[in-house]
Amino acid sequence: MAPSALKTKAHYRLFIVLGFACLIHSAYSTIQYHKHLRMVGEDYVGSPLDILFEIVLGFVLCAFGILNTASDFLPIKMAQTFEKKTVEDYLFRPEFVTFNHRGRVVGKMMLGAGGDGEGPTGGETKKRK
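To start, this report covers the structure provided alongside it. Note that this is a predicted model, so its numbers are computed, not measured.

About the criteria used
- Residues numbered from 1 in each chain as written.
- Predicted model: local features only at pLDDT ≥ 70, side-chain atom pairs only at ≥ 80, totals over all residues.
- Heavy atoms only, no water.
- Helix = DSSP H or I, 4+ residues; strand = E, 2+ residues; numbered from the N terminus.
- Buried < 20%, exposed > 50% of the residue type's maximum accessible area, 1.4 Å probe, protein only.
- Contact = heavy atoms within 4.5 Å.
- Phe/Tyr/Trp six-rings, centres within 6.5 Å; stacked < 30°, edge-to-face > 60°.
- Disulfide = S-S within 2.5 Å.

Turning our attention to the environment of G65. Within the element layout of this structure, G65 appears in helix α2 (residues 49-69). Overall, G65 belongs to the buried group, its relative accessible area being 0%. Put simply, G65 and R13 are 52 residues apart on the chain and 5.9 Å apart in space, counted from C-alpha to C-alpha. The residues contacting G65, other than those within four sequence positions of it, are Y12, F15 and I16.

See the structure below:
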């Protein structure tokens, strides 16, 4: 990365910090407003517009900073992402490969039925230990 890129990342991190500061200040302002209404004896209907504006500003600053400090997005099109893979890469699923199946038992039965080690094809088969 170039030094200018690191500098801009730091600038975007500043946006994130400022956005969180706005959100924390708006939460504190809402609590103080609620306490003020309780002291005056009025009902809490909602936050005033300046606090709502501060919440929206904090959200926008955080979103802008986070989106610009994140790394590059991957393409959505599958053809661009998987163009270097072959069909064998898609068909190979090692979670379905099993070595504990009935072939071992059937093989022993076939060897035991012939008696002299000949399999069903008439050729010689190797005896397994």
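This part is about the packing of aromatic side chains. By the definition in use, this model includes four aromatic pairs. Judged by centre distance (5.6 Å) and plane angle (75°), the ring pair of Y12 and F64 falls under edge-to-face. Here Y12, found in helix α1 (residues 3-40), pairs with F64, found in helix α2; they are 52 residues apart in sequence, far enough to count as distant. Residue classification places Y12 among the partly exposed residues on the basis of a relative accessible area of 24%. Residue F64 is classed as partly exposed on the basis of its relative accessible area of 39%. Summarising the aromatic geometry, the rings of Y33 and Y44 are spaced 6.3 Å apart at their centres and angled 65° between planes, so their arrangement reads as edge-to-face. Here the residue Y33 occupies a position in helix α1, and Y44 occupies one in the loop between α1 and α2, the gap between them amounting to 11 residues. The exposure class assigned to Y44 is partly exposed, which follows from its relative accessible area of 36%. In textbook terms, an aromatic cluster arises when at least three aromatic residues are bridged by ring pairs, as seen for Y12, F15 and F64.

Let us now look at the state of the cysteines. Applying the stated criterion across every chain yields a total of zero disulfides. Here C22 stays free of any disulfide, with the sulfur of C62 as its closest cysteine sulfur at 8.2 Å.

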